[in-house]
Amino acid sequence: MSAPQQLQLLAQPLPPGGGARRGDSATSKRAAFHLHPGGIYMAILDVLRGHPHGLTIAELANVTGRKEVSVSPRMKPLRLAGLVREAGERKNMGGNAATIWVIV
């Protein structure tokens, strides 16, 4: 799949109900809107636009209010689509090397 096709997938609007089922509770419906993959991708890109020197996965998770396990798997598709790139590493709070991600 080409980068433009991947970008097109990321920008697709939410399905009716945000992907929640008709019988789901109001809480589940709100969660479905919040967790829609396109929303996570857009949140990551929006945050990176405001941080030209880049952020690590942990920093992105903190700023977006999402968990690292939700942010991390989104970075490869964004990289393959040519929207972000790796820009080096820095030590995280545990002293380990963490990749710095920047918007292209």
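Residues numbered from 1 in each chain as written. Predicted model: local features only at pLDDT ≥ 70, side-chain atom pairs only at ≥ 80, totals over all residues. Heavy atoms only, no water.

Observations regarding the pairing of strand E1 (residues 84–91)
Step number 1: Bridge count for E1 against strand E2 (residues 97–103) is six bridges, and the pairing is antiparallel. The residue bridging Arg85 from the neighbouring strand is Val102, located in E2.
Step number 2: A loop of five residues connects E1 with E2, the two strands running antiparallel in sequence, and Gly95 in this loop sits at a positive phi of about 90°. (Pairing = 2+ DSSP bridges. Helix = DSSP H or I, 4+ residues; strand = E, 2+ residues; numbered from the N terminus.)

Digging into the pattern of salt bridges
When the charged atoms of two side chains with opposite charge come close together, those side chains can pair.
Step number 1: In this structure the tally under the stated criterion is two salt bridges.
Step number 2: Across the pair Arg49 and Asp46 runs a salt bridge, and its minimum N-O distance is 2.7 Å. Residue Arg49 and its partner Asp46 are located together in helix H3 (residues 37–49), separated by three residues, close to a single helical turn.
Step number 3: Here Arg49 falls in the exposed class, since its relative accessible area comes to 52%. (Salt bridge = Lys/Arg side-chain N within 4 Å of Asp/Glu carboxyl O. Buried < 20%, exposed > 50% of the residue type's maximum accessible area, 1.4 Å probe, protein only.)

What about the environment of Ala43?
Step number 1: Relative to the assigned elements, Ala43 resides in helix H3.
Step number 2: For Ala43, a relative accessible area of 17% gives the class buried.
Step number 3: Taking the C-alpha atoms as reference points, Ala43 and Thr64, separated by 21 residues in sequence, lie 6.5 Å from one another.

A short note on helix H5 (residues 68–80)
Step number 1: Taking 1.5 Å per residue as the helical rise, H5 with its 13 residues ought to reach 18 Å, and the 19 Å between its terminal C-alpha atoms agrees with that figure.
Step number 2: Of the positions making up H5, those classed as buried are Val71, Arg74, Met75 and Leu78.
Step number 3: Directly beyond the C-terminal end of H5, a positive phi value near 75° is found at Gly82. (Expected span 1.5 Å × (residues − 1).)

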